[in-house]
Amino acid sequence: MNSNIKNNKLSFQAGLTPLIKKEVSSVNPTCIEQTIKRQFGTECDFQNNRTLAAGMLYALNLLREASEKFRLPFNIAPPNVNVFKTMELLKQEPVKFGFCIGEKEKVIKKHPEFEVRSIFIKNIPDNIESWNKQVEEWYAKHIVSSDNILAPFLHELLHNIHLHRIFEQSPQFGLTNAIYMANTSFSHQQNRIIADKIGTYAKTSKMELYSETLAKMIADSLDETGLKLASNPLDRLAEFPKFVREFIESQLN
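Because the structure is a prediction, the values reported are computed rather than measured. (Residues numbered from 1 in each chain as written. Predicted model: local features only at pLDDT ≥ 70, side-chain atom pairs only at ≥ 80, totals over all residues. Heavy atoms only, no water.)

Visitor: So what exactly am I meant to see when it comes to the packing of aromatic side chains here?
Guide: For any two aromatic rings, the description comes down to two numbers: the centre-to-centre distance and the angle of the planes. This model, assessed by the stated rule, comprises 9 aromatic pairs. Consider the rings of tryptophan 131 and phenylalanine 153, whose centres lie 6.1 Å apart with planes at 75 degrees: the pair is edge-to-face. Of the two residues, tryptophan 131 sits in helix H5 (residues 128-140) while phenylalanine 153 sits in helix H6 (residues 151-169), which places them 22 residues apart along the sequence. Accessibility assignment for this pair places tryptophan 131 and phenylalanine 153 in one class, buried. Among the aromatic side chains, those forming a connected cluster through ring pairs are Phe84, Phe99, Phe114 and Phe120. One Lys or Arg, lysine 206, reaches over the ring of phenylalanine 186 and ends 5.1 Å from the middle of that ring. (Phe/Tyr/Trp six-rings, centres within 6.5 Å; stacked < 30°, edge-to-face > 60°. Helix = DSSP H or I, 4+ residues; strand = E, 2+ residues; numbered from the N terminus. Buried < 20%, exposed > 50% of the residue type's maximum accessible area, 1.4 Å probe, protein only. Lys NZ or Arg CZ within 6 Å of the ring centre and 35° of its normal.)

Visitor: When you look at the environment of histidine 162 in this model, what are you seeing that I'm missing?
Guide: Relative to the elements of secondary structure, histidine 162 occurs in helix H6. Distance in space between the C-alpha atoms of histidine 162 and proline 73 is 9.6 Å, their sequence separation being 89 residues. Setting aside anything within four residues of it in sequence, one finds histidine 162 in contact with Met181, Met207, Tyr210 and Gln251. Within the local environment of histidine 162, its side chain forms a polar contact with the side chain of glutamine 251, the two groups lying 2.8 Å apart. (Contact = heavy atoms within 4.5 Å. Polar contact = N/O pair within 3.5 Å; in protein donor to acceptor, adjacent residues only side chain to side chain.)

Visitor: Before we go on, may I ask you to explain empty space enclosed by the protein in this structure?
Guide: To find leftover empty space, one rolls a probe the size of a water molecule over the atoms. Using the criterion set out here, one finds 3 cavities of 30 Å³ or more in the structure. One number sums up the size of the second largest cavity: a volume of about 40 Å³. As for the second largest cavity, its lining consists of Phe40, Leu60, Leu63, Arg64, Phe74, Asn75, Ile76 and Ala77. Looking at the lining of the second largest cavity element by element, the count peaks at 3 residues for helix H4 (residues 50-70). Its residues assigned to classes, the lining of the second largest cavity shows 6 nonpolar, 1 polar and 1 charged. (1 Å grid on protein atoms, 1.4 Å probe; cavity = no way out; pocket = protein on both sides within 12 Å on 5 of 7 lines; lining within 4 Å. Points joined across faces, edges and corners; volume = space filled by probe spheres on them. Nonpolar A, V, L, I, M, F, W, Y, C, P; charged D, E, K, R; others polar.)

Structure below.
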């Protein structure tokens, strides 16, 4: 099957529809890897996982649309996306879904170093229904900001975009600034507001607040097909507390 999303006519709506289940079950992860390489320049290895391959391509397309349609600084693709099994990681750390690296380093035991902004995704069961339930569970527990199945993909891609901006603004001190933001949060009172309005994961650091907030804004701006943006995601910034709005604006300008 052609792995181009437009041709596949996959649709991600608020709920998991029979169409989603049918189409995700028929996509070819290898073809999607080739499509992402051709369209975004990103090397991918989805370990033949259809759910992860389709989700990543959709998220990349949405960010590119946000850039082209609304001139948002989101058309920055990572150099690599790799799916991993926990035992393959050089450092054993608890990972719910994925992570993005801020410096060139060795991540997977039997693999050379990966470039800065490479993304790593945990090899979840290749089942769109179980993935939908997992995201809904995280959302019900108020861990993540959105119950949309694409939000975790957007989250990691937004880390890549954020890191690109940080390094672009200050090449010499980019890594230092990224580490600082990854280990800095807001005041106790502000974190209570973040946990209540966005989710508990967003309060862990400024880096996570950036990705969780923008992932929610994008997911909440999708049209009824879930494939396109019905409105500018930044229009939803007004829904957040003032200090969150000011932080997101400062990171986008």
